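Letter by letter, the chains look like this.
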Amino acid sequence: MALINALLSQAEAGADWVMPGFTHLQVAQPVTWGHHMMAYVEMFGRDLSRVRDARKRMNESPLGAAALAGTSFPIDRHMTAEALGFDRPSANSLDAVSDRDFALEFLSVASISAMHLSRFAEELVIWSSAQFRFVALSDRFSTGSSIMPQKKNPDAAELIRAKVGRIYGANTGLMMVMKGLPLTYSKDMQEDKEQVFDAADSWMLAMAAMEGMVKDMTANRESLAAAAATGFSTATDLADWLVRVLGMPFRDAHHVTGALVGMAESKGCDLPDLTLEDMQSEHAAITAEVFDVLGVQNSVNSRMSYGGTAPAQVRIQVQRWKDVLK
């Protein structure tokens, strides 16, 4: 929840800051910084729901299952389960003794969440590089090089990526322990402790480090905007305009747009820099109105579908999550 709140603060501050959206790590379409931050809110929100869901399912007390068959003593398992903070007693003594699903489900949830952390960490590594300069991290979360004085390495993000391997390893390790065991108890099961505790420590440390980095990082609005305008990022807007305004089949619009991109490449400019005459040389019906959709800000403002990148939609989602977290 602390990490989600940190992301919400970033999203709210940069709801209308334009940046490039990527597919295949190549510029695709303009999006907003706030929209990108909200993508991770959704991911970690699902992680939060998985934690809560797992607790509902797995919070059962095995006390009273005895060795494997239950007990002949007149105990009240419902009372002891309630007293110990469990939701209910386990319903089968054989399963209660031999089950490690509670540990495996925790490790599964941790693995998915760690994957989300690692993806964000990788983006921070890329974004903080000299080639991108999308974000800056303070010295609290980066270090210098032992030999190259100009370097500022995002060590915390790199270490988060590495922690994921330990969490995945714990998940796979316990799966391998459990896969061949007949009912009920076998001594192999004592291996669950080391896996669960190590993964929990790694996950919590990585989560706290990521929360700290999100609070600490400063987005470079100018670099984000400059990158958003590269790579013919509004080509899809041009194709959509040809369909929407001229009634052109998208297949033909795709061809015309591709030809105009080729023309811009040959001229060493971007689509908005082409003249109307250039565009009309590919399709005579194109009018000056087309330039209204070729601006990066116009592009993101037009994506008003629910869950879209338009600043107004980003602010709607920020408020929705604030209400959820209450």
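Further up the page is the structure itself.
All figures in this text were calculated on a predicted structure; none of them were measured in a lab. Along each chain, the written sequence defines residue order, and numbers are assigned to residues from 1. Owing to the predicted nature of the model, reporting of local features is limited to residues with pLDDT of at least 70; listing and counting of side-chain atom pairs is limited to 80 or more, with chain, interface and lining totals taken over all residues. Heavy atoms throughout the structure, all of them, feed into the side-chain values; hydrogens and water do not.

K.L.:
Give a detailed account of the packing of helix 5 (residues 101-127) against helix 6 (residues 155-178), specifying residues and quantitative values.
P.N.:
What describes two packed helices is the angle between their axes and the distance between those same axes. To obtain an axis, a line is fitted to C-alpha atoms, over the contacting stretch when the element is a helix, and the angle between two such axes runs from 0 to 180 degrees between their N-to-C directions. In this text, helices come from DSSP runs of H or I with a minimum length of four residues, and strands from runs of E with a minimum of two, each type numbered from the N-terminal end. Following both chains from N to C, one finds helix 5 and helix 6 inclined at 155°, their axes separated by 8 Å at the closest point. Relative to helix 6, the element helix 5 lies roughly antiparallel. The crossing of helix 5 and helix 6 is left-handed. Throughout this entry, Asp, Glu, Lys and Arg are counted as charged residues, while Ala, Val, Leu, Ile, Met, Phe, Trp, Tyr, Cys and Pro are counted as nonpolar. The remaining residues, Gly among them, count as polar. Considering only residue class, the contact of helix 5 with helix 6 consists of 19 nonpolar, four polar and three charged. Each angle gets one of four labels, with under 35 degrees taken as roughly parallel, over 145 as roughly antiparallel, 65 to 115 as roughly perpendicular, and the rest as oblique. A clockwise turn of the near helix away from the far one marks a right-handed crossing, whereas an anticlockwise turn of less than a right angle marks a left-handed crossing.

K.L.:
Requested: an account of the nonpolar core, with residues and values cited.
P.N.:
For this analysis, a nonpolar core means a set of buried residues of the types Ala, Val, Leu, Ile, Met, Phe, Trp, Tyr and Cys, connected via side-chain atoms within 4.5 Å. For every residue, the accessible area obtained with a 1.4 Å probe (protein chains only) is divided by the maximum for its type, and the residue is called buried under 20%, exposed over 50%, and partly exposed between those limits. Counting residues in each nonpolar core, the largest one holds 61 residues, and the members touching the most others are Trp33, Phe120, Trp127 and Met210. Contributions of two or more residues to this core are made by helix 1 (2-13), helix 2 (33-58), helix 5, helix 6, helix 7 (192-216), helix 8 (221-228) and helix 14 (311-325). Among the elements that take part in this core, helix 5 stands out by supplying 13 residues, more than any other. Residues within four places of Trp127 in sequence aside, it is in contact with Met19, Trp33, His36, Met37, Phe120, Phe132, Arg133, Phe134 and Val135. Judged by nonpolar contacts, the second largest core, of 20 residues, contains Leu238, Leu260, Leu274 and Val293. Residues are treated as being in contact if the distance between any of their heavy atoms lies within 4.5 Å.

K.L.:
Which residues make up the packing of aromatic side chains, and what values do they have?
P.N.:
Centres within 6.5 Å make a pair out of two Phe, Tyr or Trp rings, where for Trp the six-membered ring is used; the pair is then stacked when the planes are under 30 degrees apart, edge-to-face when over 60, and tilted otherwise. Taken as a whole and judged by the stated rule, the model has eight aromatic pairs. On the basis of an interplanar angle of 50° and a centroid distance of 6.4 Å, the ring pair of Trp127 and Phe134 is categorised as tilted. As far as burial versus exposure is concerned, Trp127 and Phe134 are alike and both buried. Among the aromatic side chains, those forming a connected cluster through ring pairs are Phe22, Trp33, Tyr40, Phe44, Phe120, Trp127, Phe132 and Phe134.

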